[in-house]
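Below, each chain spelled out in residue letters.
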Amino acid sequence: MIHGFFLLLVFLSEVAAIIAYGYWGFHVPSSALVKWVLGVGIPAAVIVVWGLFLSPNASVEIPQALCIGMKVIIFGLAAAALYSAGRPKLALWFGLCVLLSHGMDYVLGEK
């Protein structure tokens, strides 16, 4: 049961990363068109990459080390996006929650 709780947190951290990219895109000091392209385009690109390489039912199988590296990059950039958008405390809490949820998921066994 506790592993299911951490799996839920892992899923929610993935959703939060997508939201963080969108939030950043819409808060870039630029034109409305650029904001829309970044606010929708970056999250869409991350969703495609996640689906192809990182999801449990990924289309393309990659080595575990590469999978972990890609996840670190995606979640790290999401935290950096929040920080860059003027939300440093949220970026810190997001990073801590990602470390906790993914760390506990790893420790409890499925990955």
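Located above this text is the structure these notes cover.
Quick look at the structure, then.

### Observations concerning a nonpolar patch on the surface
Phase 1 of the analysis: Residues Ile2, Phe5, Tyr106, Val107 and Leu108 make up a contiguous nonpolar surface patch of roughly 530 Å² in combined accessible area.
Phase 2 of the analysis: Contributions of two or more residues to the nonpolar patch are made by α1 (2-26) and α4 (88-108).
Phase 3 of the analysis: Per element, the largest residue contribution to the nonpolar patch is three residues, and it comes from α4.
Phase 4 of the analysis: Structurally, the position occupied by Leu108 is in helix α4.
Phase 5 of the analysis: On the basis of relative accessibility, which here comes to 36%, the residue Leu108 falls in the partly exposed class.

### Section: the packing of α1 against helix α3 (residues 64-84)
Phase 1 of the analysis: Remark: α1 packs on α3, axes separated minimally by 8 Å, with the N-to-C direction vectors making an angle of 45°. The angle between α1 and α3 falls in the class oblique. Note on packing geometry: the crossing formed by α1 with α3 is left-handed. Counting all contacts with α1, which are made through Ser13, Glu14, Ala17, Ala20, Tyr21, Tyr23 and Trp24, the residues of α3 involved are Ile73, Ile74, Phe75, Leu77, Ala78, Ala81, Leu82 and Ser84.
Phase 2 of the analysis: Residues of the contact of α1 with α3, tallied by class, amount to twelve nonpolar, two polar and one charged.

Cut-offs and rules
- Residues numbered from 1 in each chain as written.
- Predicted model: local features only at pLDDT ≥ 70, side-chain atom pairs only at ≥ 80, totals over all residues.
- Heavy atoms only, no water.
- Patch = residues over 30% accessible without salt bridge, like charges linked within 9 Å, V, L, I, M, F, W, Y side chains within 5 Å.
- Areas by Shrake-Rupley, 256 points an atom, 1.4 Å probe, with all protein chains shown as cover.
- Salt bridge = Lys/Arg side-chain N within 4 Å of Asp/Glu carboxyl O.
- Helix = DSSP H or I, 4+ residues; strand = E, 2+ residues; numbered from the N terminus.
- Buried < 20%, exposed > 50% of the residue type's maximum accessible area, 1.4 Å probe, protein only.
- Axes fitted to C-alpha atoms, helices over the stretch in contact; angles between N-to-C directions.
- Parallel < 35°, antiparallel > 145°, perpendicular 65-115°, else oblique.
- Left-handed = near helix turned anticlockwise from the far one by under 90°.
- Contact = heavy atoms within 4.5 Å.
- Nonpolar A, V, L, I, M, F, W, Y, C, P; charged D, E, K, R; others polar.

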